[in-house]
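# Structural overview
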Amino acid sequence: MSITTVGIVGAGTMGNGIAQACAVSGVNVVMVDIAQAAVDKGIATIEKSLDRLLQKEKITEADKAAALGRIKGSTSYDALQGAQMVIEAATENHDLKNKILKQLDDLLEPDVIIATNTSSISITQLAAVTKRADKFVGMHFFNPVPMMALVEIIRGLQTSDTTHDTVKDLAVRLGKSPITVKNAPGFVVNRILVPMINEAFFVLSEGLATPEDIDAGMRLGCNHPIGPLALADMVGLDVCLAVMEVYLEQFGDSKYRPCPLLREYVAAGRLGRKTGEGVYNYAK
């Protein structure tokens with residue numbers, strides 16, 4: 001099956017990034033969120049991103065217009081009918097994802113593939129709330145989606161070969177480099193990455209170095225393009241905390257305990273770039 005139209009539930013950072021990647025690659029998109037303001041903000045974010053590419057001469061005015069023309073925004077799930085695949089890109093909350101997936105399963109035709117962009121939750125567990133576990137898969141993009149090449153294709157226990165191959169083919173059409181991953185908490189990248197971020201918060205909380213020096217140490221000493229604390233601000237501190245809590249629950253190993261300072265930042269609403277302040281202040 002060739003995917004010509006993709007539905008996306010969630011117009012936030014990940015949702016609008018996925019929508020842009022699809023639209024630029026010639027795939028039609030229906031992006032749905034609960035509020036019109038969220039949909040409008042998502043489309044505006046895509047337009048600004050395309051403007052930056054235009055300024056860098058990576059796309060033309062015609063490319064920008066064509067991409068925006070492929071994106072339809074809506075606050076109704078009914079608009080998703082006609083898509084061959086729907087990607088759930090809501091907040092990393094198990095109960096919320098279950099609710100959305102049940103609604104999608106009831107609405108969509110039986111042959112429509114449902115994918116989730118979860119960064120840590122079990123694909124098998126999420127698939128179980130639908131009646132199409134064989135057509136359910138994890139498709140984990142990385143932030144910022146238009147720039148990052150990697151996509152993790154995660155197979156649940158019942159994901160069929162056809163579903164896996166169709167979604168992998170779509171990722172390649174989007175210009176991404178997919179890897180196939182077995183279902184496990186955090187999959188591959190976040191299983192390694194988020195505990196490293198969490199450890200950076202322990203280092204910060206113990207006063208071993210400033211945030212700037214911690215990040216500089218990892219950039220210059222490990223050749224990372226961005227330090228772990230700056231990366232946490234980009235990902236969202238709430239997302240990092242949620243992932244660590246999933247690890248602690250699923251593995252039952254205290255090495256995955258979230259750093260108390262990370263919890264404190266989240267409790268204070270300092271979630272990173274999306275709120276204007278996290279470890280660093282972005283208000284200016």
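All residue numbers refer to position in the chain's written sequence, counted from 1. For this predicted model, a pLDDT threshold of at least 70 governs which residues receive local features, and a threshold of 80 or more governs which side-chain atom pairs are given and counted, while totals over whole chains, interfaces and linings are taken from all residues. Hydrogens and water molecules were not included; the side-chain quantities draw on all heavy atoms of the structure.

As a reminder of what qualifies: UniProt positions are given in the numbering used here, feature names are shortened, and annotations may be inferred rather than shown by experiment.
By the naming in an unreviewed UniProt entry, the protein is 3-hydroxybutyryl-CoA dehydrogenase, taken from Ottowia thiooxydans. In its Sequence similarities (unreviewed entry) section, the UniProt entry covering the protein states "Belongs to the 3-hydroxyacyl-CoA dehydrogenase family."

## Remarks on the side chain of T163
To be explicit about the condition: Strands are runs of DSSP state E lasting at least two residues, helices are runs of H or I lasting at least four, and both sets are numbered from the N terminus onward. With a 1.4 Å probe rolled over the protein chains alone, any residue whose accessible area is under 20% of its type maximum counts as buried; one over 50% counts as exposed, and the rest are partly exposed. Definition of a polar contact: a pair of N or O atoms within 3.5 Å, with one able to donate and the other able to accept a hydrogen when the atoms are protein atoms, and with sequence-neighbouring residues admitted only if both atoms are side-chain atoms. Here a residue-residue contact requires only that any non-hydrogen atoms of the pair lie within 4.5 Å.
Among the secondary structure elements, T163 is positioned in helix α6 (residues 161-173). The class for T163 is buried, based on a relative accessible area of 3%. Here the side chain of T163 touches D134 through a polar contact of 2.8 Å, landing on its backbone oxygen. Apart from the residues within four sequence positions on either side, T163 is in contact with I113, D134, K135, F136 and V137.

## Details of the pairing of strand β5 (residues 113-116)
The test is simple: By this definition, two strands are paired if DSSP reports at least two bridges between them. Handedness of a crossover is defined as follows: orient the strands so they point away from the viewer, and if the path from the first strand over the helix to the second runs clockwise, the crossover is right-handed.
Side chains I113 and A115 of β5 all project onto a buried face; the interleaved residues I114 and T116 project onto the opposite face, where all are buried too. One ladder, built from four bridges, connects strand β4 (residues 85-88) with β5; its direction is parallel. From the neighbouring strand, M85 faces β5, where its bridge partner is I113. Following the backbone out of β4, through helix α4 (residues 94-107) and into the adjacent parallel β5, one traces a crossover that is right-handed. As paired elements, β5 and strand β6 (residues 136-141) share three bridges and run parallel to each other. The residue of β6 that forms the bridge with A115 is V137.

## Thoughts on the sheet that holds β4
Test applied: Only C-alpha atoms enter the line fits that serve as axes; for helices the fit covers just the stretch in contact. Angles between N-to-C directions range over 0 to 180 degrees.
Spatially, eight strands are ordered β3-β2-β1-β4-β5-β6-β7-β8 in an open sheet, and the strand pairing comes out mixed. Whereas interior strands pair on both sides, the edge strands pair on one side only; in this sheet they are β3 (71-74) and β8 (177-182). Within the sheet, the average angular offset between the axes of one strand and its neighbour, ignoring direction, is 25 degrees. Across the sheet, helix α1 (residues 13-24) lies against β1 (5-9), β2 (28-32), β3, β4 and β6, angled at about 165 degrees from β2, the strand it touches most.

## Focus: the environment of E61
Structurally, the position occupied by E61 is in helix α3 (residues 61-69). For E61, a relative accessible area of 54% translates into the label exposed. Between the alpha carbons of E61 and D51 there is a distance of 8.9 Å; along the sequence they are 10 residues apart.

## Some remarks on the packing of helix α8 (residues 211-222) against helix α9 (residues 228-235)
The relative placement of two packed helices comes down to the angle between their axes together with the axis-to-axis distance. Our working rule: Any angle between 65 and 115 degrees counts as roughly perpendicular, while under 35 counts as roughly parallel, over 145 as roughly antiparallel, and the rest as oblique.
The N-to-C vectors of α8 and α9 enclose an angle of 100 degrees; their axes lie 7 Å apart at closest approach. One element, α8, and the other, α9, form an angle in the roughly perpendicular class. Contacts between α8 and α9 pair P211, I214, D215 and M218 from the former with P228, L229 and A230 from the latter.

## As for the layout of surface pockets
Which parts of space are left empty comes out when a probe the size of a water molecule is rolled across the atoms. For clarity, the threshold we go by: Cavities and pockets were defined on a 1 Å grid built over protein atoms only: a cavity is a set of grid points that admits a 1.4 Å probe from which the probe cannot escape, a pocket is an open set flanked by protein on both sides within 12 Å along at least five of seven lines, and lining residues are those with an atom within 4 Å of any such point. Grid points are joined across faces, edges and corners, and a volume is the space filled by probe spheres set on the points. Under the scheme applied here, ten amino acids are nonpolar (Ala, Val, Leu, Ile, Met, Phe, Trp, Tyr, Cys and Pro), four are charged (Asp, Glu, Lys and Arg), and all others, including Gly, are polar.
In this model, the second largest pocket occupies a volume close to 150 Å³. Taken together, Q20, A21, V24, S25, L53, K58, I59, V145, P146, M147, L174 and K176 form the lining of the second largest pocket. With three residues, α1 is the single largest residue contributor to the lining of the second largest pocket. For the lining of the second largest pocket, the per-class residue count stands at eight nonpolar, two polar and two charged.

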